[in-house]
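Examining the three-dimensional arrangement
Residue strings, one per chain:
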Amino acid sequence: MPLKIYNSLTRQKEKFIPINPPYVGMYVCGPTVSGESHLGHARPYITFDVVLRYLTYLGYKVRYVRNITDAGHFEEEGREAEDKISKKALLEKVEPMELVHKYTNLFHWAMKQFNTLDPNIEPTATGHIVEQINMIEKIIEAGFAYVVNGSVYFDVKKYAATHNYGELSGRVLDDLLETTRALEGQDEKRNKADFALWKSAPQQHIMRWKSPWGEGFPGWHIECSAMATKYLGARFDIHGGGMDLLFPHHESEIAQSFICNHVQPAKYWMHNNMITINGKKMGKSYNNVIKLTEMFSGIHPLLTQAFSPMTIRFFILQTHYRSTLDFSSEALVAAEKGLKRLWEGYENLKKIKEENFDLPDDNDLDKKINSLLDELDEFMNDDFNTAKVLANLFEIVPVINSIKDGIIEKNVLSSKTLHRMKDALTVYLENILGLQSLSQNNETFDGVMQLLVDIRKEAKSKKDFFTSDKIRNQLAELGIEMKDEKDGNISWNAV
RNA sequence: GGUCCUGUGGCCGAGUGGUUAGGCAGAGCUCUGCAAAAGCUUCCACAGCGGUUCGAAUCCGCUCGGGACCUCCA
């Protein structure tokens, strides 16, 4: 079964056929670095990280572009036009660019914690003002934008007369003309549904650039169109982002690009669903965000403990990316325990020696494992169903543990299958799902622990349980778990 | 108000019309110096009502509930 991707544009799963195989261009809307990233932001970047990893696994050469929005947007309707970033900067008494730099670094740090791969290109909005202006000029020339008082607006009604405005989001223009609420500058627009391509900057506005229409700053949606076109071409393979960007952001991107490049910019539009908290979308406007730094530290009223980045990554991958995912501390605890179990199984598997080279791989156990492994690609090919992949991996864990503990005889499983199992788990857990061990150790620490293991072994062999228990109990207080294995060895892990 | 999505066991969640999803939690057993872990077994389910069908969590209708977007938003 070939890879199928749910395309938001056609509202169905479609076979993935790149425009220029083996090359794949993927654009994902990146963060606005006017504040700290929260749990909800983690989802698209982890989701599309897995998309990137899987496409790479399939042999595609992916150019992954993810922007940094460092030029402001409007903050709230009804207020004076304010650049989000310069506004916050005033409050914090720093330069806008200082703020941008700070939150960009913080974002990069968080992405590193999540073990996401870097985009090939990470363009900034402020670094592409020229491209955005050029694009706006093209739209004006084509007659689909008009200038009013130094601002430029896209003429949605005119566009809709000859193009399908709303094809992505399912909006109907007539409805939009009625329901769009009053934004600043509304009286400048010909129609309510029109959106700004360029905004004239009020005097107090710090972030401003010269343009043919006077000093100002780029509008809501033009940056993504300009940068995607520059680095991926007029038409590229995948455009991703959160579902909340579907309208008006992505719909408007399509309109802009259509006028400039005369094609639908992306072949496949992918949208991840939201993370909810008590059933409500996590977002600034709901005042219910948990920042990533708070997740990692556990310092937040809704958190019972700290959660590692890998726990969060695993938590997100346990759900299909198009479903909402409901956050709770309890669910995170469950995810943490699950990941620990899965990873220990994986570590145990690596230690099992391949011995039965002559054994055929057609007994029941071999068949069961091979079929579980066969399904992994099928699940991923079915619109990246990581939840099912994880379920299968969990089904393999008891088999691994049983072999390790001698419950399943070692001479039952063929070397061929065992080898395949090791390869597949490494590829899937590490390369595709991008998971890592919860515990991070170093050589010195490992050496010290080995010493304690040796001392405890000696004590046990002398039936000096006082000493052996002391070692185990005191380590437990430090968060290190020591376990006696069935084969007489002692294992440990630090959480 | 408009458009769309959704309702699965104590919790999180996957589900292509007929088979145990999976994880966490609970119960029992085995193993064990003790413990933990592990293994085995097990309890708990498809919002409600009706329809289609030999058969529905899965399709259709209605009712009730939840959510997203329509405004910057992952």
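Just so it is clear, the structure is predicted and the values come from calculations on it, not from any experiment.

Calculation notes
- Residues numbered from 1 in each chain as written.
- Chains lettered and ligands numbered in written order.
- Predicted model: local features only at pLDDT ≥ 70, side-chain atom pairs only at ≥ 80, totals over all residues.
- Heavy atoms only, no water.
- Helix = DSSP H or I, 4+ residues; strand = E, 2+ residues; numbered from the N terminus.
- Pairing = 2+ DSSP bridges.
- Axes fitted to C-alpha atoms, helices over the stretch in contact; angles between N-to-C directions.
- Parallel < 35°, antiparallel > 145°, perpendicular 65-115°, else oblique.
- Left-handed = near helix turned anticlockwise from the far one by under 90°.
- Contact = heavy atoms within 4.5 Å.
- Phe/Tyr/Trp six-rings, centres within 6.5 Å; stacked < 30°, edge-to-face > 60°.
- Buried < 20%, exposed > 50% of the residue type's maximum accessible area, 1.4 Å probe, protein only.
- Expected span 1.5 Å × (residues − 1).
- Nonpolar A, V, L, I, M, F, W, Y, C, P; charged D, E, K, R; others polar.
- Near = heavy atom within 4 Å.
- Polar contact = N/O pair within 3.5 Å; in protein donor to acceptor, adjacent residues only side chain to side chain.
- Core = buried A, V, L, I, M, F, W, Y, C linked by side-chain atoms within 4.5 Å.
- Domains from an automatic or database assignment.

This brings us to unusual backbone geometry. Residue Pro-22 is bonded to the preceding Pro-21 through a cis peptide linkage, with omega at 5 degrees. Positionally, Pro-22 belongs in the loop between β2 (12-15) and β3 (23-28). The phi dihedral of Asn-278 is positive, around 55 degrees, even though this residue is not glycine. Looking at the secondary structure, you find Asn-278 in the loop between β11 (275-277) and β12 (280-281). One non-glycine residue, Phe-384, lies in positive phi territory at about 55 degrees.

Let us look at the sheet that holds strand β6 (residues 151-154). The four strands lie next to each other as β5-β6-β7-β8, forming an open sheet whose pairing is antiparallel. Strand pairing shows two members of the sheet lacking a second neighbour, β5 (145-148) and β8 (216-218), which therefore form its edges. When the angles between neighbouring strand axes are averaged without regard to direction, this sheet yields 20 degrees. Pairing of strand β7 (residues 195-200) with β8, which is carried by three bridges, proceeds in the antiparallel orientation. The residue of β8 that forms the bridge with Trp-198 is Pro-218.

Where helix α1 (residues 39-57) contacts helix α12 (residues 364-381), the two axes come as close as 11 Å, and the packing angle between them is 125 degrees. Considered as vectors, α1 and α12 are oriented oblique to each other. Where α1 crosses over α12, the handedness of that crossing is left-handed. Contact with α1, carried on its side by Val-50, Tyr-54 and Tyr-57, involves Asp-377, Met-380 and Asn-381 of α12 and no other residues of that element.

Applying the stated criterion across every chain yields a total of 18 aromatic pairs. Relative to Phe-384, the ring of Tyr-54 lies with its centre 6.1 Å away and its plane at 85 degrees, an arrangement referred to as edge-to-face. Taken as a pair, Tyr-54 in helix α1 and Phe-384 in the loop between α12 and α13 (386-404) lie far apart in primary sequence, 330 residues in all. Assessed through its relative accessible area of 0%, Tyr-54 is described here as buried. Residue class for Phe-384 comes out buried when judged on its relative accessible area of 3%. Aromatic side chains Phe-154 and Phe-195 sit 4.9 Å apart centroid to centroid with 10 degrees between the ring planes, which places their arrangement in the stacked category.

Right, let's talk about helix α11 (residues 329-351) for a bit. Spanning 23 residues, α11 covers 33 Å between terminal C-alpha atoms, matching the ideal 33 Å at 1.5 Å per step. Every buried residue belonging to α11 is among Ser-329, Leu-332, Ala-335, Glu-336, Gly-338, Leu-339, Leu-342, Trp-343, Gly-345, Tyr-346, Asn-348 and Leu-349, and all of these are buried. For α11, the elements touching its buried residues are α9 (292-297), α10 (309-317), β13 (325-327), α13 and α14 (415-432).

Orientation of helix α15 (residues 443-461) relative to helix α16 (residues 465-477), taken along the N-to-C sense of each, is 150 degrees, at an axis distance of 7 Å. It follows from the interaxial angle that α15 and α16 lie roughly antiparallel. Relative to α16, the crossing made by α15 is left-handed. For the pair α15 and α16, contact is made by Met-449, Leu-452, Ile-455, Arg-456, Ala-459 and Lys-460 and by Phe-465, Thr-467, Ser-468, Ile-471, Arg-472 and Leu-475, respectively. Looking at side-chain class alone, the contact of α15 with α16 contains seven nonpolar, two polar and three charged residues.

If you check the shell around RNA strand B, you find 68 residues, and the closest are Gly-242, Leu-245, Lys-281, Met-282 and Asp-326. Per the 4 Å cut-off to the protein, sugar and phosphate atoms form 68% of the nearby atoms of RNA strand B. Taking Asp-484, its side chain carries an N or O atom lying 2.8 Å from a base nitrogen of RNA strand B. Broken down by element, the surface near RNA strand B gets its largest block of residues, eight residues, from α13.

What follows is about the nonpolar core. Met-295 and Leu-425 are the most contacted members of the largest nonpolar core, which totals 85 residues. It is α1 that contributes the most residues to this core, ten residues altogether.

Look at α13: 27 Å from first C-alpha to last across 19 residues, which is about the 27 Å you get at 1.5 Å a residue. Its buried side turned inward, α13 meets α1, α10, α11, α12 and α14.

Next up on the list: the domain arrangement of chain A. Domain parsing of chain A yields domain 1 (4-272), domain 2 (292-432) and domain 3 (443-494). Centre-to-centre separation of domain 1 and domain 3, based on C-alpha positions: 55 Å.

As for its placement among the helices and strands, Val-412 is situated in the loop between α13 and α14. Considering only alpha carbons, one finds Val-412 and Tyr-231, 181 residues apart in sequence, at a separation of 53 Å. Those residues in contact with Val-412, other than ones at most four positions away along the chain, are Asn-356, Leu-359, Asn-363, Leu-365 and Asp-366.

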